[in-house]
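Observations on the three-dimensional arrangement
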Amino acid sequence: MEALTLLEWGFDGLLGLGLLWLAWRALTCPELFKAIVLFIAFGLLMALAWVRLDAPDVALAEAAIGAGLTGALLLAAFAKLSLVTGHEELKPARSEKNRIRFQHYWMPATTLLLVTAGLFYVILSLPPYAAGLSVEVASNLDTSGVSNPVTAVLLNFRGYDTLLEMVVLLLALLGVWSLGDTTIHREAAPGLVLDTLARVLVPLLILVAAYLLWVGAHAPGGAFQAGAVLGAAGVLLLLSSWRPHADLIAWPLRLMLVLGPAIFVIMAVLLYLTKGQLLEFPPAQAGILILILEAVATVSIGITLAALFLGGRPRRGKGQA
Amino acid sequence: MTLIDYLSAALLIAGAIFFLAGTLGLLRFPDVYTRLHALTKADNVGLGLIMAGLSFQAESWAVAGKLLLIWLLVLLAGASVAHLVARGALKRGIRIWKR
Amino acid sequence: MSAPFFYALVGIGLFSLGLYGLIVHAHLLRKILALNIMGSGIFLVLVALAKRTGEAPPDAVPHAMVITGVVVAVSATALALTLMLKLTAETGRAELPEKGRE
């Protein structure tokens, strides 16, 4: 129908222009807090763009991690920044030295304009129809153990990339921990509303994470989305001033953090020793193996994301609650 | 389009009108508290209407139940976050707008 | 030009905007914001080009790569923010020094 195509074009055009405009506003807004909030809104519009491009798995991951968790990290860092620099960040940057002078920006602007034009030409000269690897993925899907092609690619066909990604996540946490400590005593008791919200939502979030993990085998979902929901539950707990018991931050925390990559590596070594190929799942047990890997990955990813939000290595402080 | 489709379309458009009203309130109201009021009131009802319109198109009762659960969760989160933002604004000394 | 190509061009635009912001701003938090926008632009290009399969479902391999990319981007952002806070604690400001001032 012509009208439907016009509507689709209108929607796509509005979404694309909205993305570009929000990104421009987020980058040039003089108040830093407003810029961060605009960036969170930009992330949510990106989730809409993913849905429009038939990528619901990516939309779930972007909404939870890209918009939600990144926004929380940015806001927490902004709050700590305001404490150190003495609330200067709240005032808009209008002094002379902060205004970008023309001779400082004409060179990057023109160079980038040329680069953008070149990239436009490259993109537009690509063939309009390209199957990519979708034919190979579809033909091998029933030996992979799951029926969602994205999960099959993530955990079976390109499982090595996922293993390395989980190690990268762990390395980032180690980097954050090596830069400073935070004590795990309670800062202040939360108000009634935040307390009740945390008590109601956290069990529900754990349930939703388990559901996303299970349903990822045959519908959009999977380990990363479930891990992001668990991370969100952890962030909610941290915001309502819950801190883990002092005995739990020694080796139980570290065990759960390395559980995902460790089980992955153990399984890779076992498969190499028994079948001679790194991370090649036998088709009969592939479903069970993928479920085990996804389950430990979910736990590790969730706790790593919450620990990244905490921002320092937890150690026993004086005067814990 | 059947009658169910017309009903869904009408509910979706009504929900969109509520969202439009909430956005207008966000842009035009004078201070934080009135803007929060506009946002939460309009968005709760707007989301409810959109969910109602979508649940007529759902394939099974399970999907409609999930849509209802999503609406209840957004109600809970929206109300709590509005309270927290208003409390934070009061603590920072943002005064209530008086004509 | 079809929808995938339109979104790919939007992705290139986002990448350029992010790179411009990264070059021009001196404040470190704005640089981190610009890096994230650059990353989102690249992800948009990947997923848009994966949709060129016509009537068939889109190619799943770029989707998996973008999900990996989103998680790696958030961990890099967390590490960058911690580095920025450490730098601010040491020097008192969160900006790179202007040329000729230090």
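Residues numbered from 1 in each chain as written. Chains lettered and ligands numbered in written order. Predicted model: local features only at pLDDT ≥ 70, side-chain atom pairs only at ≥ 80, totals over all residues.

1. Considering the overall build of chain B
Helix and strand counts for chain B stand at 3 helices and 0 strands. Computed over C-alpha atoms, the radius of gyration of chain B comes to 17 Å, more than 25% over the 13 Å expected from 2.2 N^0.38 for 99 residues, which places it beyond the range of a compact globule. Viewed in the frame of its principal axes, chain B has a C-alpha envelope of about 55 × 25 × 15 Å. Of all 99 residues assigned to chain B, the portion counted as buried reaches 12%. (Helix = DSSP H or I, 4+ residues; strand = E, 2+ residues; numbered from the N terminus. Rg over C-alpha atoms; globule rule 2.2 N^0.38 Å. Buried ≥ 20, exposed ≤ 12 C-beta atoms within 10 Å, placed from the backbone.)

2. Quick word on the packing of helix α2 (residues 32-55) of chain B against helix α3 (residues 61-91) of chain B
All names here are of chain B. As a packed pair, α2 and α3 sit with axes 10 Å apart at the nearest point and diverge in direction by 180°. If you check the angle between α2 and α3, you find them roughly antiparallel. Grouping the amino acids of the contact of α2 with α3 by side-chain chemistry returns 18 nonpolar, 5 polar and 1 charged. (Axes fitted to C-alpha atoms, helices over the stretch in contact; angles between N-to-C directions. Parallel < 35°, antiparallel > 145°, perpendicular 65-115°, else oblique. Nonpolar A, V, L, I, M, F, W, Y, C, P; charged D, E, K, R; others polar.)

3. Some points on the interface of chain A and chain C
Counting from both sides, the interface comprises 70 residues of chain A and, opposite them, 65 residues of chain C. If you list the elements that add at least two residues to the side of chain A that touches chain C, you get α1 (2-28), α2 (32-52), α3 (56-85), α4 (102-124), α5 (134-140), α6 (149-157) and α7 (159-178) of chain A. Of all the elements, α3 of chain A adds the most residues to the side of chain A that touches chain C, at 15 residues. Residue composition of the side of chain A that touches chain C, grouped by class: 50 nonpolar, 11 polar and 9 charged. (Contact = placed C-beta atoms within 7 Å.)

4. Considering the nonpolar core
When a protein is soluble and globular, its nonpolar side chains tend to lie buried together. Grouped together as the largest cluster of nonpolar side chains are 111 residues, with contacts concentrated most on Ala26 and Val229 of chain A together with Val47 of chain C. With 14 residues, the single largest contributor to this core is helix α2 (residues 28-49) of chain C. Both domains that furnish three or more residues to this core are identified here as domain 1 (1-124) and domain 2 (148-321) of chain A. Ignoring anything within four residues of it in the chain, the contact list for Ala26 of chain A reads Ala35, Leu38, Phe39 and Phe42 of chain A together with Leu33 and Ile37 of chain C. (Core = buried A, V, L, I, M, F, W, Y, C linked by C-beta atoms within 7 Å. Domains from an automatic or database assignment.)

5. A look at α2 of chain B
Residues and elements named next belong to chain B. Its 24 residues give α2 an end-to-end C-alpha distance of 34 Å, which sits within 8% of 34 Å, the value for a rise of 1.5 Å per residue. Looking only at α2, the buried set comprises Leu36, Leu39, Ala42, Asp43, Gly46, Leu49, Ile50, Met51 and Gly53. Of the surrounding elements, those touching the buried residues of α2 are α1 (3-28) and α3. (Expected span 1.5 Å × (residues − 1).)

6. Structural notes on the environment of Ile206 of chain A
All names here are of chain A. By secondary structure assignment, the location of Ile206 is in helix α8 (residues 192-215). Each C-alpha atom of the pair Ile206 and Gly18 lies 34 Å from the other, and the pair is 188 residues apart in sequence. Excluding its chain neighbours within four sequence positions, the residues that come into contact with Ile206 are Leu230 and Ala233.

7. Side note on the interface of chain A and chain B
Each partner contributes residues to the interface: chain A has 5 residues there, and chain B has 5 residues. For the side of chain A that touches chain B, the residue count by class is 4 nonpolar, 1 polar and no charged.

8. Here's the deal with the confidence of the model for chain C
For chain C, mean pLDDT is 90; residues scoring 70 or higher make up 94% of the total. On the interface metric, ipTM, the complex scores 0.94, and its pTM is 0.92. (pLDDT = per-residue confidence, 0-100.)

9. Here we look at unusual backbone geometry
Residue and element names in this part refer to chain A. Notably, Ser241 is not glycine yet its phi reads approximately 65°, a positive angle. Relative to the helices and strands, Ser241 is located in the loop between α9 (223-239) and α10 (251-275). For Leu279, which is not glycine, the phi torsion reads 60° and is therefore positive. Looking at the element boundaries, Leu279 is found in the loop between α10 and α11 (286-310).

10. Observations concerning the environment of Leu83 of chain C
Residues and elements named next belong to chain C. Topologically, Leu83 is positioned in helix α3 (residues 60-91). Overall, the presence of 15 C-beta atoms within 10 Å leaves Leu83 in the partly exposed class. The spacing of Leu83 and Leu28 is 55 residues in sequence and 9.8 Å in space, taken between C-alpha atoms.

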